[in-house]
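# Breakdown of the fold
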Amino acid sequence: MDSATAAIGERLKRARSVVVLTGAGVSAESGIPTFRGPEGLWQQYKPEDLATPEAFQRDPRLVWQWYDWRRQKIARASPNPAHHALVQMERIVPEFALVTQNIDGLHRLAGSQRLIELHGCIWRMRCQAEKTVRENREVPLRIIPPRCDCGSLLRPDVVWFGEPLSVETQVQAFAVAESADVFLTVGTSALVQPAALLPAVARERGAFVVEINPTSTAITPFVDSHLQGQAGILLPKILSILSKD
Ligand code: BV8
């Protein structure tokens, strides 16, 4: 194991509070395309065409076809070693929080409990009129766009571009980032706000910030340590050090 990875494992051993921010890269090894990679989700579509309230207003059927296609892919995916390593880390570290930008539900499926889902979950739907939220795992959707019993359109219970994250979710996420001894940012291009602010806030408050990503990102110049590699390989290595007496 390279010394930088081992050093992160040793640092986690001494940490009281650890926060991990994840993005689509953590689910890449489960076979779910990332947003901005070569085979990325956005390659076929532009975010402003689909993941916005205006797009849904304009063409709810098209937006739901895209989400149905993603739900079908996600339904066939399983948590990978990165997800499992984070579940074990949560059980070892005294104060642990996992903040995810992902809507695929794989962290919860793997068993993560101390989980903050910044952008919602693709398996929940919300009535446009009543604002009631329900879980729906029907794959593929028989009726597109799906409707509530009240007759109104249902929408994915996710945060679209141009929509605010819930205040409660933001308060929780920034609170844990501010009190982190070590902050890991894993599998995210760190482009989407306000999630991408979290590593900077943690660093400002004195956290040791580690980035795990095969490539460099917008925040690579600002982190304390960049481990170049895949989450599904590096996180289990870090966990093996952390779990050693
Ligand atoms: C808001 C849900 C305000 C939907 C998503 C400044 C401040 C505030 C806002 C803005 C701002 N500047 C711009 C904005 C607007 C916008 C924004 O950030 N735009 C960006 C594009 C510039 N932000 C918003 O609109 C946010 N709302 O701020 O509201 C407001 C306030 C009051 C009133 C009204 C409005 C809402 C943003 C949420 C958008 N929703 N998802 C859906 O998924 O369908 S974001 C979407 O992008 C996903 O959640 C995704 O997770 C997220 C981030 O992408 P990444 O996860 O990083 O994925 P990406 O493909 O980019 O990168 C993957 C990385 O993994 C790569 O680096 C790759 O190298 C790496 N990788 C690949 N394989 C592996 C790997 N790493 C490790 N291991 C591997 N094996």
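Reading the values: the criteria
Residues numbered from 1 in each chain as written. Predicted model: local features only at pLDDT ≥ 70, side-chain atom pairs only at ≥ 80, totals over all residues. Heavy atoms only, no water. Pairing = 2+ DSSP bridges. Helix = DSSP H or I, 4+ residues; strand = E, 2+ residues; numbered from the N terminus. Axes fitted to C-alpha atoms, helices over the stretch in contact; angles between N-to-C directions. Contact = heavy atoms within 4.5 Å. Buried < 20%, exposed > 50% of the residue type's maximum accessible area, 1.4 Å probe, protein only. Near = heavy atom within 4 Å. Polar contact = N/O pair within 3.5 Å; in protein donor to acceptor, adjacent residues only side chain to side chain. Areas by Shrake-Rupley, 256 points an atom, 1.4 Å probe, with all protein chains shown as cover. Nonpolar A, V, L, I, M, F, W, Y, C, P; charged D, E, K, R; others polar. Domains from an automatic or database assignment.

## Comments concerning the sheet that holds strand 3 (residues 115-117)
With parallel pairing, six strands are arranged side by side in an open sheet as 3-2-1-7-8-9. Looking at the sheet topology across the chains shown, the edges are occupied by strand 3 and strand 9 (225-228). Within the sheet, the average angular offset between the axes of one strand and its neighbour, ignoring direction, is 15°. Pairing analysis gives six bridges linking strand 1 (residues 17-22) to strand 2 (residues 95-100), with the strands arranged parallel. Counted as the bridge partner of Leu21 is Val99 from strand 2. Here helix 1 (residues 3-14) sits on the sheet and contacts strand 1, strand 7 (182-186), strand 8 (208-213) and strand 9; the angle it forms with strand 9, its principal contact strand, is near 125°. Taken strand by strand, helix 11 (residues 231-242) contacts strand 7, strand 8 and strand 9, and its axis lies near 140° from that of strand 8.

## Observations concerning the sheet that holds strand 5 (residues 133-135)
Strand order in the open sheet formed by three strands is 5-4-6, with antiparallel pairing between adjacent strands. Strands with a single pairing partner mark the edges of an open sheet, and in this sheet they are strand 5 and strand 6 (154-158). The mean angle between the axes of side-by-side strands here comes to 45°, regardless of whether they run parallel or antiparallel. With three bridges joining them, strand 4 (residues 120-127) and strand 5 adopt antiparallel strand pairing. When the bridges of strand 5 are listed, Met125 appears paired with Arg134.

## Section: the pairing of strand 4
Taking burial as the measure, the eight residues of strand 4 include six buried ones, the bulk of the element. Strand direction decides the pairing type here: strand 4 and strand 6, joined by four bridges, are antiparallel. Note on strand 6: the bridge partner recorded for Gly120 is Val158. If you look at the hairpin formed by strand 4 and strand 5, you'll find five residues sitting between the two strands, and Lys131 has a positive phi there, around 65°.

## So, the side chain of His107
As for its placement among the helices and strands, His107 is situated in helix 8 (residues 106-110). What makes His107 buried here is its relative accessible area of 3%. When sequence neighbours within four positions are dropped, the list of residues in contact with His107 reads Thr22, Val26, His83, Leu86, Leu98, Thr100, Asn102, Ser112 and Leu115.

## Things to note about the site of the ligand
Among the 33 residues in the neighbourhood of the ligand, the closest are listed as Arg36, Tyr67, Arg70, Thr188 and Ser189. Between Gln101 and the ligand, the recorded distance is 2.8 Å, taken from a backbone N or O atom to an oxygen atom. Its free accessible area being 1,500 Å², the ligand has 73% of it covered by the protein chains. Of all the elements in the fold, those that place two or more residues in the shell around the ligand are helix 2 (25-28) and helix 6 (60-75). Considered class by class, the residues forming the shell around the ligand number 15 nonpolar, 14 polar and four charged. When residues of the shell around the ligand are assigned to domains, at least three map to each of domain 1 (1-32 + 80-119 + 165-245) and domain 2 (33-76 + 121-158).

The values are spatial; any link to function lies outside them.
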